[in-house]
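Below, each chain spelled out in residue letters.
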Amino acid sequence: MNRHDTPQAPGATDPGSGPARARAAAGTRPIKGGVSKDMQHDSAIKHVTGRATYCDDIAEPAGTLHAYLGLSTRAHARIMELDFSAVQRAAGVVGVLTAADIPGVNDVSPTGRNDEPVLAEQKVEFWGQPVFAVVAETRDAARRAARLARITYEDLPHVLEPDVARAQGGPYVTPPLTLKRGTAETELLKAPHRLKGEMRVGGQDHLYLEGHIAFALPGEDDDVTVHSSTQHPTEAQHMVAHVLGVPSNAVTVNVRRMGGGFGGKETQMNLFCAVAAVAAKKWHRPVKIRPDRDDDMSATGKRHDFVIDYEVGFDDAGVICAVKADFTARCGFSSDLSGPVTDRALFHADNAYYYPNVLLNSHPMKTNTVSNTAFRGFGGPQGVMAAERIIEEIAYALGRDTFDIRKANFYGTETRNVTPYHQTVEDNIAPRIVSELEQNADYQSRRQAVLDWNAKGGVIRRGIALTPVKFGISFTATWYNQAGALLHIYTDGSIQLNHGGTEMGQGLNTKVAQVVAEELQVDIDRIKITRTTTEKVPNTSATAASSGSDLNGMAAQDAALQIKERLTDFAAEQWQTDRSNIRFIANAVQIDEETVPFADFIRQAYMARVHLSAAGFYKTPKIHWDRATGKGRPFYYYAYGAACSEVSVDTLTGEYRVERTDILHDVGRSLNPVIDKGQIEGAFVQGMGWLTTEELWWDAQGQLRTHAPSTYKIPLASDRPRIFNVALVRWSENRENTIKRSKAVGEPPFMLGISVFEALSHAVASVAEYQTCPRLDAPATPERVLMAIERLRRG
Amino acid sequence: MTSRSEIRFVLNGQDITLDQVAADETLLDFLRIDRRLTGTKEGCAEGDCGACTVLVGRLQAGALHYEPVNACIRLLASVDACHVVTIEHLSGPGGQLHPVQQAMVDHHASQCGFCTPGIVMSLYALWMENPAPLEIEIETALQGNLCRCTGYEPILRAAQAASDLGSPTGDALNRERNHMTGRLKALCDGRRVDVRKGTSRAILPASVDDLAEVLLAHPEATIVAGATDVGLWVTKFLQEISPVVFLNHLEGLRRIEVGPDGIKIGAGVSYTDSRAVLTAGYPHLAAFWDRIAGWQIRAMGTVGGNLANGSPIGDTPPVLIALGASLTLRKGADRRRLPVEDFFIDYGKQDLAPGEFLESIHVPQSKKGTRHAAYKISKRRDEDISAVCAAFNLTVEDGTITAARIAFGGMAATPKRAAHAEAALIGQPWDEATLMQAAACLDDDFSPLTDWRASAAYRLQVSKNLFRRFWLEQQGTGQPVRLSA
Ligand SMILES: Cc1cc2nc3c(=O)[nH]c(=O)nc-3n(C[C@@H](O)[C@@H](O)[C@H](O)COP(=O)(O)OP(=O)(O)OC[C@H]3O[C@@H](n4cnc5c(N)ncnc54)[C@H](O)[C@@H]3O)c2cc1C
Ligand code: FES
Ligand code: FES
């Protein structure tokens, strides 16, 4: 056979465009959807038409049952008696699940500490803890019946606040961490100025628009398949196996997309997957579980609240000599991810500032509240809040602009560049970003205008602040920094791509597909990313820590390169030419002078028996971390950014409005600028919400009373800044060899919201002529703002 | 005339007849579970997130009028004779995107996409009414839609761009308006609807007189106007509400009349529909009105329901009390008239007898020499329940305060006048000192509660400060005393 003859392989038509057009296009125009291009989210059209399928939209097979949780109504109590007689009698009820029905281990602790039962046994440790589940023919029947259970409790003393728990000598849920460099305690005594204070930083509910949900379908033998909305399908798989007492190979977990995650579905979905799976196996019928919003918010974890006690020593120029701080966190009743979260708070207690001597301690307190968990930033934002409060304290003590104090304390490049955890900051671009933003946002003259306005003494005061962010990228649990991908090229030249990451709106699938499109030089439409499933890529890490595209992009690139390698070998052999004469050009392969359209080329490769499938793998280099000594390089690199916000405050009511925000943010060399910009805008507004109107409020009995959007207020369209300028740092490129030199973007811009908080504080300070640090606690609700104003006015 | 035992409406293009409808069935569950129209999402089931937004078209005075509503708390039986439009109906026959959808795609306005169908529906409703909206108009249209991902910026850009991609005149709903009007008219047969499912029962009376009759026969019935309170009793508390008697399909209760002694607002008039007439007489209510709930809720909820619900944190009671409004209650053929403030007896207890209903609200004409204000203080500016609501109505003659009506919400177990503060004003000179003396009297008037919306201390402090705001605002110093919208 002539080597240019291409017998028709099965199913060989060019997807989408048809062979003729594809041939015409081959090599003549750049590919659609390579890296660094603005590409729309791959599901955008499905989103706007309502055709994107979320877990609750999957068609239910006949016979599907529904489970509904029964939650505790005590913060801490012994369970004396469970009476389900009325539940069992209720219409449509099939049965009730309790801890006794769990065939394997009644535990979904993600860190193996065995402290988080699926369903409570003997005692409940927070208001809202799942005690049982009703299974019924419809969700409505299950939900109604769940209210008929009679539980007899014997109350035990409860503790809600972390500082109270600590004062009482209460237990930690996980070992604390100390970070220490230099001799903070002695340097504090020697410093020309010394200050100390306390700051309370509230938690935050994720309020993903799609709540928790799992849908389990029983299979043969031990098998079960679970569709869910989880950020961590592998962990859900392990947990379901653990709870069922079966090996992991019996459990498949699938995630097409989530209606938002933000960390709230990293571990918290495990419980729902487990309950659905146990019920599905028990009754041999598909079982879906979807709590309503109140139960979702009462029973699942949130961002950790912190009480931060800080002490700082500084010189006349406002340069910090030493910092000592204690971070006391409300972890809730179990450890969940509180260890790494409170660790990360300490890792970011420096923000972008150099502390010559430092001593930081975490206190992960057990409290009788829901177990707090991951949330965008993962403790980092709370650490940054402490740093910014320390800066404020110094500025007000010296009568200086907070911005000057910030600049005076930035990390250096050659010296003053070692963090409290002994990692050297090698890529410090914060000062450059900040000074560019200072210019672009016209900070100095606007600040003067704010001061002049406030000097008139009116009711409406203004405030302005420019704050930096430096955020460490990598899971601090080093082993999580690995990823896999699976790439198939079919004989028609269409490509199926799978990776371990999950899509929750961040555009991960789009970015990873762009990487593959770029490597293989094909239009992105040729690539289909399917749902994430433990069947295709095993042992994945959570899509968290902003790592999604860093890890999975690299793994997918590895898979693409493997196939490309084989294809190049094949072409060299088939065309009898040197490998250097083979080029993958847009939608085609050029071999010597000949251009073969991609689909034709693949067909030929198939006929020549080339393996057209590859599993890619990646692990992040360079990182290591020794928690016992508090030393290492936990982060591969840092992402930076800065925001300048200006606010108006009504000094009679505490109401406020963000007038303008300017952001300059570093994403390295962006994989997809428009998606990155969307992440920045969204993260900023979410960060602003955390520090302004989003307030978690527990009553004295320990019941969370802000458990739905009616009482828990996240930002609306009318809350976003009147003027909102967001720019990427165009000149930045990752110094480390990340995927196409990009940087992670999910979490770092969340902390840009702190600029709003600092601006509010500035406006408040105006009522006392900027003589006093307002010591505003977070969230700065209108109430907290007014009460701070009244306090400052009283002097 | 015999009653009809089924409800009939149009869903997207299809005629629907249901002879089994429970009183507490929601439109959202019907769409998602019964019809498997899963584009409409459930985010909260309490009217606060907008993920479930659909359009409901109804005839009003013979004209077809579409409004965005929250399907999660809209009771199914109440869509009788309506046209329900869901996200699935928006794209063209060949699947081509609607201009609003295309603009959302072009501007990268979806991330996770879960809020998106609801946002598209709200923006669709806006585009039909106002194809070239100002930024503030878009924000107002989106007060009832949460997005946790995007920060809203791209959504605003999309809303502004939609009209470049197509004009509402060519839109399918407008092209078929006459046809659909005819279809809906054919469904209105003037009969009472009495539909059941098991023991659950929903009644849509044929007229206001019929309503009076039905309530006499069923004094235990739950009266439902917009269901923006009652809907939550169902979705949040699983409360039994059957039998239910609906009222805001009744043209007779949706009327607004303006006469020499004031404005008469029927009990079925929504917030949205009452806005124009109230703000014409009382311009200070314009900004206030737009801060009651969000667009969907304002389209559904009624002022009458807000009063009848008797909540101490409702926004219209303090305002109406300050204006000296009264209401007409009707039982059978008997009517009585009552000042609004006397209607509220105690927490959860109103002066409403079994079988009686609120028929209309009467707001007096604005008098010369009166000074008005209405303030809402809440954690979040929009779509939030008041921590404190305050309404002022002072008459000043020749520099002396001759009458004062000041009412507060959120400060006591009922909406209540600040009697001591009022007394401290009357007969006193109109100056700052008088107002601040009156403010100090609030300590005698109220001992508010601490809850998740605000502490007692804040409620008192801010209420007092509002006296200063009122003074400064009335002085018109040229300096802003409130944040701009
Ligand atoms: C998301 C959301 C936001 C909201 N925001 C606000 C806000 O900002 N400010 C505010 O004040 N309220 C707010 N509310 C509540 C407000 O919408 C309701 O109080 C509304 O005004 C009630 O009117 P309705 O027509 O929906 O009444 P329904 O829910 O139908 O009825 C309410 C009560 O009144 C009774 N009732 C209704 N009509 C009559 C009648 N004619 N005669 C006798 N009894 C009657 C009903 O039996 C029921 O007890 C909000 C509600 C939601 C869901
Ligand atoms: S589901 Fe949230 S408003 Fe209806
Ligand atoms: S796109 Fe996720 S909530 Fe709006």
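Residues numbered from 1 in each chain as written. Chains lettered and ligands numbered in written order. Predicted model: local features only at pLDDT ≥ 70, side-chain atom pairs only at ≥ 80, totals over all residues. Heavy atoms only, no water.

1. Details of the overall build of chain A
1) Next: Assigned secondary structure in chain A consists of 20 helices and 29 strands.
2) Next: Taken over C-alpha atoms, the radius of gyration comes to 28 Å for chain A, in line with the 28 Å a tight globule of 795 residues would show.
3) Next: Oriented by its inertia axes, the alpha-carbon framework of chain A measures out at about 95 × 70 × 50 Å.
4) Next: Burial statistics for chain A: of 795 residues in total, 69% are counted as buried.
5) Next: Counting contacts in chain A only where the partners sit at least 6 residues apart, residues at least 24 apart contribute 81% of the total.
6) Next: Summed over its atoms, the accessible surface of chain A is roughly 25,400 Å², and 48% of this surface lies on carbon and sulfur atoms.
7) Next: For chain A, the distance from the average position of its 87 positive side-chain charges to the average position of its 95 negative side-chain charges is 2 Å. (Helix = DSSP H or I, 4+ residues; strand = E, 2+ residues; numbered from the N terminus. Rg over C-alpha atoms; globule rule 2.2 N^0.38 Å. Buried < 20%, exposed > 50% of the residue type's maximum accessible area, 1.4 Å probe, protein only. Contact = heavy atoms within 4.5 Å. Areas by Shrake-Rupley, 256 points an atom, 1.4 Å probe, with all protein chains shown as cover. Lys, Arg positive; Asp, Glu negative; His and termini not counted. Charge placed at Lys NZ, Arg CZ, Asp CG, Glu CD.)

2. Quick word on the overall build of chain B
1) Next: The number of helices and strands found in chain B is 19 helices and 20 strands.
2) Next: Computed over C-alpha atoms, the radius of gyration of chain B comes to 23 Å, within 12% of the 23 Å expected from 2.2 N^0.38 for 485 residues, which places it in the range of a compact globule.
3) Next: For chain B, the C-alpha atoms occupy an extent of roughly 70 × 55 × 40 Å along the three principal directions.
4) Next: The 485 residues of chain B split such that 62% are buried.
5) Next: A separation threshold of at least 6 residues defines the contact pool for chain B, and within that pool the share at least 24 residues apart is 65%.
6) Next: As presented, chain B carries roughly 16,900 Å² of accessible surface, and 50% of it is formed by carbon and sulfur atoms.
7) Next: Within chain B, the 56 negative side-chain charges are centred at a point lying 0 Å from the centre of the 48 positive side-chain charges.

3. Considering the interface of chain B and chain A
1) Next: Every contact between the two is made by 80 residues of chain B and, on the other side, 85 residues of chain A.
2) Next: At the boundary of chain B with chain A, total buried surface from both sides reaches about 6,900 Å², with 55% on carbon and sulfur atoms.
3) Next: Applying the counting rule to chain B against chain A returns 18 salt bridges.
4) Next: Ionic pairing is found between Glu139(B) and Arg722(A), a salt bridge with its closest N-O pair at 2.9 Å.
5) Next: Of all the elements in the fold, those that place two or more residues in the side of chain B that touches chain A are helix 2 (99-106), helix 3 (116-129), helix 4 (135-141), helix 5 (153-165), strand 17 (370-377) and helix 19 (456-475) of chain B.
6) Next: Looking at which element gives the most residues to the side of chain B that touches chain A, the answer is helix 19 of chain B, with nine residues.
7) Next: Residue composition of the side of chain B that touches chain A, by class: 32 nonpolar, 22 polar and 26 charged. (Buried area = accessible area lost by both parts, 1.4 Å probe. Salt bridge = Lys/Arg side-chain N within 4 Å of Asp/Glu carboxyl O. Nonpolar A, V, L, I, M, F, W, Y, C, P; charged D, E, K, R; others polar.)

4. So, the domain arrangement of chain B
1) Next: For chain B, the assigned domains are domain 1 (6-87 + 177-246), domain 2 (99-170), domain 3 (252-364) and domain 4 (370-473).
2) Next: Summarising the inter-unit geometry, the C-alpha centres of domain 1 of chain B and domain 4 of chain B are found 39 Å apart. (Domains from an automatic or database assignment.)

5. Points about the pattern of salt bridges
1) Next: Here the structure, examined in full by the defined rule, presents 94 salt bridges over all chains.
2) Next: Through salt bridges that share partners, Asp56(A), Asp57(A), Glu60(A), Lys288(A), Arg290(A), Arg32(B), Lys41(B) and Glu42(B) make up one connected network.

6. Focus: empty space enclosed by the protein
1) Next: Inspection of every chain in the model, using the stated rule, returns 13 cavities of 30 Å³ or more.
2) Next: By volume, the largest cavity is sized at about 400 Å³.
3) Next: Taken together, 29 residues make up the lining of the largest cavity; nearest its centre are Met504(A), Gln506(A), Ser546(A), Gln679(A) and Gly746(A).
4) Next: Broken down by class, the residue content of the lining of the largest cavity amounts to 11 nonpolar, 13 polar and five charged.
5) Next: When its volume is computed, the second largest cavity comes out at roughly 190 Å³.
6) Next: Around the second largest cavity, the lining is made up of 20 residues, and of these Glu210(A), Gly211(A), Arg290(A), Glu42(B) and Phe114(B) lie nearest the centre. (1 Å grid on protein atoms, 1.4 Å probe; cavity = no way out; pocket = protein on both sides within 12 Å on 5 of 7 lines; lining within 4 Å. Points joined across faces, edges and corners; volume = space filled by probe spheres on them.)

7. A look at the side chain of Gln237(A)
1) Next: Along the chain, the position of Gln237(A) falls in helix 7 (residues 233-244).
2) Next: Those residues in contact with Gln237(A), other than ones at most four positions away along the chain, are Ser248(A), Val251(A), Val253(A) and Thr534(A).

8. Section: the nonpolar core
Burial of nonpolar side chains together is a common tendency in soluble globular proteins.
All names here are of chain A.
1) Next: Membership of the largest hydrophobic core comes to 156 residues, with the highest contact counts inside it found for Phe327, Leu360, Met385, Leu487, Leu497, Leu567 and Phe601.
2) Next: Among the elements that make up this core, the one with the highest residue count is helix 16 (residues 548-574) (11 residues).
3) Next: When residues of this core are assigned to domains, at least three map to each of domain 1 (19-56 + 482-619) and domain 3 (305-476 + 627-794).
4) Next: Setting aside anything within four residues of it in sequence, one finds leucine 567 in contact with Phe584, Phe601, Ile602, Ala605, Val610 and Leu612. (Core = buried A, V, L, I, M, F, W, Y, C linked by side-chain atoms within 4.5 Å.)

9. What about helix 18 (residues 673-691) of chain A?
1) Next: For helix 18 of chain A, which comprises 19 residues, the first-to-last C-alpha distance of 27 Å matches the rise-based estimate of 27 Å (1.5 Å per residue) to within 8%.
2) Next: For helix 18 of chain A, the buried fraction is high: 18 of the 19 residues fall into the buried class. (Expected span 1.5 Å × (residues − 1).)

10. Digging into the sheet that holds strand 16 (residues 357-363) of chain B
Pairing between sheet strands relies on hydrogen bonds along the backbone, with the strands arranged either parallel or antiparallel.
Residues and elements named next belong to chain B.
1) Next: Here five strands make up an open sheet; going across it, the order is 10-11-16-12-13 and the pairing antiparallel. The open sheet has two edge strands, strand 10 (256-259) and strand 13 (334-339), and neither has a second partner. Along the sheet, successive strands turn relative to each other by an average axial angle of 20 degrees, direction set aside.
2) Next: Pairing analysis gives four bridges linking strand 11 (residues 262-266) to strand 16, with the strands arranged antiparallel. Across the sheet, residue isoleucine 265 finds its bridge partner in strand 16, namely isoleucine 361.
3) Next: On the sheet, helix 8 (residues 208-217) packs against strand 12 (326-331) and strand 16 and is oriented at approximately 135 degrees with respect to strand 16. (Pairing = 2+ DSSP bridges. Axes fitted to C-alpha atoms, helices over the stretch in contact; angles between N-to-C directions.)

11. Structural notes on the site of ligand 1
All names here are of chain B.
1) Next: Around ligand 1, 35 residues are found, and the nearest of them are Ile223, Thr228, Asp229, Thr302 and Asp315.
2) Next: Here an oxygen atom of ligand 1 sits 2.6 Å away from a polar atom, N or O, in the side chain of aspartate 229.
3) Next: Expressed as a share of its isolated accessible area of 980 Å², the protein-covered part of ligand 1 is 94%.
4) Next: At the level of secondary structure, the elements contributing two or more residues to the shell around ligand 1 comprise strand 8 (222-224), helix 9 (230-235), helix 13 (303-309) and strand 16.
5) Next: With four residues, helix 13 is the single largest residue contributor to the shell around ligand 1.
6) Next: The class makeup of the residues in the shell around ligand 1 is 18 nonpolar, nine polar and eight charged. (Near = heavy atom within 4 Å. Polar contact = N/O pair within 3.5 Å; in protein donor to acceptor, adjacent residues only side chain to side chain.)

12. Some points on helix 19 of chain B
1) Next: Counted at 1.5 Å a residue, the expected span for helix 19 of chain B with its 20 residues is 28 Å, and the 29 Å between its end C-alpha atoms agrees.
2) Next: Once helix 19 of chain B finishes, Gly476(B) follows within two positions and takes phi at roughly 60 degrees, a positive value.

13. Structural notes on the state of the cysteines
All names here are of chain B.
1) Next: This model, assessed by the stated rule, comprises zero disulfides over all chains.
2) Next: Cysteine 82 provides the cysteine sulfur closest to cysteine 188, a residue in no disulfide bond, and the two sulfurs are 8.3 Å apart.
3) Next: Judged by its relative accessible area of 44%, cysteine 188 falls in the partly exposed class. (Disulfide = S-S within 2.5 Å.)

14. What about the sheet that holds strand 16 (residues 460-473) of chain A?
All names here are of chain A.
1) Next: Across the sheet, which stays open at both edges, the four strands sit in the order 16-27-28-29 with mixed pairing between neighbours. Two strands bound the open sheet, and with one partner strand each, they are strand 16 and strand 29 (723-728). The mean angle between the axes of side-by-side strands here comes to 15 degrees, regardless of whether they run parallel or antiparallel.
2) Next: Across 14 bridges, the pairing between strand 16 and strand 27 (residues 637-650) is antiparallel. Paired with phenylalanine 471 across the strands is alanine 639, a residue of strand 27.

15. Describing the domain arrangement of chain A
All names here are of chain A.
1) Next: Here the domain parsing of chain A yields domain 1 (19-56 + 482-619), domain 2 (61-157 + 212-290) and domain 3 (305-476 + 627-794).
2) Next: The distance between the C-alpha centroids of domain 2 and domain 3 comes to 37 Å.
3) Next: Contact residues are listed per partner, giving 20 residues for domain 2 and 19 residues for domain 3.
4) Next: Summed over both partners, the interface of domain 2 with domain 3 comes to about 1,600 Å²; 55% of that surface belongs to carbon and sulfur atoms.
5) Next: Scanning the region where domain 2 abuts domain 3 turns up one salt bridge.
6) Next: A salt bridge links lysine 366 to glutamate 125; the shortest N-O distance between them is 2.8 Å.
7) Next: Here domain 2 is connected to domain 3 by nine residue pairs in polar contact (both at pLDDT 80 or more).

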